[in-house]
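Letter by letter, the chains look like this.
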Amino acid sequence: PEDAAARIGGDEFVVVKAGEDDQDLTAFAASISENIGERIRLNVGSSVEVGSSMGIALAPRHGSAAGVLLDKADKALYQAKAAGKNRHAIAL
């Protein structure tokens, strides 16, 4: 009940996950990327692969207000994208 996911626009989503530390979140992000990245068969002989980049912010370390956490996660997302495809980064 403390976990949630929502689309906030275009190709951007927010996942709220309670009670995790950096190591757990890194494993969770890797799990999301792995599941999103599975090849999807569209037609016989045709398929598509989807990738993901993620920015991660932790409450209360990076803030307690939703807007602050979203801003920190967004900045971490740009760090992840700068490092390459299918990456994640935790806010500084």
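Note that this is a predicted model, so its numbers are computed, not measured.

Rules used throughout
Residues numbered from 1 in each chain as written. Predicted model: local features only at pLDDT ≥ 70, side-chain atom pairs only at ≥ 80, totals over all residues. Heavy atoms only, no water. Helix = DSSP H or I, 4+ residues; strand = E, 2+ residues; numbered from the N terminus. Buried < 20%, exposed > 50% of the residue type's maximum accessible area, 1.4 Å probe, protein only. Contact = heavy atoms within 4.5 Å. Areas by Shrake-Rupley, 256 points an atom, 1.4 Å probe, with all protein chains shown as cover. Lys, Arg positive; Asp, Glu negative; His and termini not counted. Charge placed at Lys NZ, Arg CZ, Asp CG, Glu CD. Salt bridge = Lys/Arg side-chain N within 4 Å of Asp/Glu carboxyl O. Phe/Tyr/Trp six-rings, centres within 6.5 Å; stacked < 30°, edge-to-face > 60°. Lys NZ or Arg CZ within 6 Å of the ring centre and 35° of its normal. Polar contact = N/O pair within 3.5 Å; in protein donor to acceptor, adjacent residues only side chain to side chain. Core = buried A, V, L, I, M, F, W, Y, C linked by side-chain atoms within 4.5 Å.

### Comments concerning the overall build of the protein chain
Thought 1: Counting its regular elements, the protein chain contains two helices and six strands.
Thought 2: From first element to last, N terminus to C terminus, the protein chain shows the α and β order β-β-α-β-β-β-α-β.
Thought 3: Taken over the C-alpha atoms alone, the protein chain extends approximately 50 × 35 × 25 Å along its principal axes.
Thought 4: Across the 92 residues of the protein chain, 18% fall into the buried class.
Thought 5: Excluding contacts between residues fewer than 6 apart, the proportion of contacts in the protein chain whose partners are at least 24 apart in sequence is 36%.
Thought 6: When the accessible surface of the protein chain is totalled, it reaches about 6,600 Å², and 54% of it is carbon and sulfur.
Thought 7: Side-chain charges of the protein chain comprise 10 positive and 13 negative groups, with the mean position of each set lying 7 Å from the other.

### Notes on the pattern of salt bridges
Thought 1: Taken as a whole and assessed by the stated rule, the structure comprises four salt bridges.
Thought 2: Residue Glu49 is joined to Arg39 by a salt bridge in which the shortest nitrogen-to-oxygen separation is 2.4 Å. Of the two residues, Glu49 sits in the loop between strand 4 (46-48) and strand 5 (54-56) while Arg39 sits in the loop between helix 1 (22-36) and strand 3 (40-43), which places them ten residues apart along the sequence.
Thought 3: Arg39 gets classed as exposed once you look at its relative accessible area, which sits at 56%.

### Details of the packing of aromatic side chains
Thought 1: Across all of its chains, the model carries zero aromatic pairs by this definition.
Thought 2: One residue, Lys17, lies across the ring of Phe28, its end atom 4.9 Å from the ring centre.
Thought 3: Cation over ring: Lys81 sits above Tyr78, and NZ or CZ is 5.7 Å from the ring centre.

### Description of the side chain of Ser33
Thought 1: Following the sequence through the fold, Ser33 ends up in helix 1.
Thought 2: Side chain to side chain, Ser33 and Ser52 meet in a polar contact 3.1 Å long.
Thought 3: Ignoring sequence-local partners within four residues, the contact set of Ser33 consists of Ser52 and Met54.

### So, the nonpolar core
Thought 1: The biggest cluster of nonpolar side chains holds six residues, and these are Leu25, Ala29, Met54, Ile56, Leu58 and Ile90.
Thought 2: Breaking this core down by element, the ones donating at least two residues are helix 1 and strand 5.
Thought 3: Contacts of Met54, omitting those with residues within four sequence positions, involve Ala29, Ile32, Ser33, Ala76, Leu77, Ala80, Arg87, His88 and Ala89.

Everything listed here is a matter of coordinates, which is why it stays silent on function.
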